[in-house]
Amino acid sequence: MISVKVSEFKSILKFTPSDQPILVCGKHGIGKSEIIDTYFDQRDYHFIKIFLAQNSDAADIAGYLIHDKEHEKANRISPEWWPTDGKPVIVFLDELNRANPALHNVVMDLVLNRMLAGKKLPTGSRVLSAINVGSDYIVNELDPALISRFAVYELLPTVQEWVQWARQQNLDHRIINFITKKPSLLDGATIREEQEKHLDDENINKSPDRRAWAKVANLIQEHELPLPDFMYKAISGTVGTSACAQLKEFLGNLGRNQIDPKKLLMDFNSDMRDRLSQRNIQELIYLNKEIVNYLNSNYEDLDHFLKDCISSNLKKYIECLQFLEQREAIAELLSAIERSEKGITKLVAMNTEILDLLSEQFESYAN
């Protein structure tokens, strides 16, 4: 079986003729279904997803026979998902190897001929399928004749592809940074949940996967460090106790080294410069967000002296980013200010030097 990255698989989807069925294999939670769904949704295809494991017999997929008393014959009623407008569709057969073997003949006709109960899918329609593979899954053996109809690929997304996707989805930067530092935990292939062996069923060992880390990112998105203990229990239930323990240690260290936006704006000193030099772009963008939020929330309560102080320290912060050549972070700060209609806009308007500095760096970054 040939292994492909996400970018390679998308190219394969693009250049494979519509009459060639595709079967993608891989571990659960790596995004097989989502990648296929998103790819065709972006191209405005009507996407039909059938969970084969949820169908018990052929009639669930092919439609039911109804007796026509007048003509003394049986008519088959097409299933609800069957296309009626003549436009090509994408039929995605998920969990093919969990399907009742009695369905395989129906699936065979759909895969081979793009036909179902004597009716043909519109010209240009495509059939794809996905399965989980490995000894950990309870699945049915697939007929070699059925497999032979597909072009078969094993999807092996890289860690960097997940990180890029996570950034595009604006997932919590702390989880992205954690996975960047601990890439082996993304799919949990080497995780052994020693702490969970007391379970009656030792097969119920929770381990992390890409889908689970996205859920954890959403869980902690609105919470500052340190996280309360109950939240770590929720995280353990999502990615397993071993992965959670390592995340807790990482976030604990991060919390101790966290830069307080208020302290930065009140007293930007050499210690701040040293700590900023150790931050990556995602951490700096998150800090920008905290700075903007702080000023928006507190600007009206600041007296003239404090506003001058904050204005001076904000300028020092931007100059530090300039010295560190963090142009993307400066550009993101300017964008955050422009999107804001509250305190920070007024503060920057008071100090033309800040505005000129931001604009100069933004233009440099854009070019």
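Going by the structure above, here's the rest.
Computed from a prediction, not measured in an experiment: that's the story for all the values here. (Residues numbered from 1 in each chain as written. Predicted model: local features only at pLDDT ≥ 70, side-chain atom pairs only at ≥ 80, totals over all residues. Heavy atoms only, no water.)

A. The arrangement of the sheet that holds strand S2 (residues 22-26) in detail. The parallel open sheet is built from 6 strands, whose spatial order is S1-S10-S2-S9-S6-S3. This sheet does not close on itself; its edge strands, each paired only once, are strand S1 (2-4) and strand S3 (46-51). Between one strand axis and the next, the sheet turns by 25° as a mean value, whatever way the strands run. Pairing of S3 with strand S6 (residues 89-94), which is carried by 6 bridges, proceeds in the parallel orientation. Looking at S6, one finds that His46 is bridged to Val89. Helix H1 (residues 6-15) contacts S1, S2, strand S9 (126-132) and strand S10 (151-155) of the sheet and is inclined by roughly 105° relative to S1. (Pairing = 2+ DSSP bridges. Helix = DSSP H or I, 4+ residues; strand = E, 2+ residues; numbered from the N terminus. Axes fitted to C-alpha atoms, helices over the stretch in contact; angles between N-to-C directions. Contact = heavy atoms within 4.5 Å.)

B. Main features of unusual backbone geometry. The amide bond that connects Leu225 to the next residue, Pro226, takes the cis arrangement and shows omega of 0°. Here Pro226 lies in the loop between helix H8 (210-220) and helix H9 (229-239). Positive phi outside glycine occurs at Glu95, with the angle close to 60°. Within the fold, Glu95 resides in the loop between S6 and helix H4 (104-113).

C. Fine view of the packing of helix H6 (residues 159-168) against helix H7 (residues 173-181). Where H6 contacts H7, the axes come no closer than 10 Å and their chain directions differ by 170°. By the angle between their axes, H6 is roughly antiparallel relative to H7. Taken together, the residues of H7 that come into contact with H6 (itself represented by Val159, Trp162, Val163, Ala166 and Arg167) are Ile175, Ile176, Ile179 and Thr180. Split by residue class, the contact of H6 with H7 holds 7 nonpolar, 1 polar and 1 charged. (Parallel < 35°, antiparallel > 145°, perpendicular 65-115°, else oblique. Nonpolar A, V, L, I, M, F, W, Y, C, P; charged D, E, K, R; others polar.)

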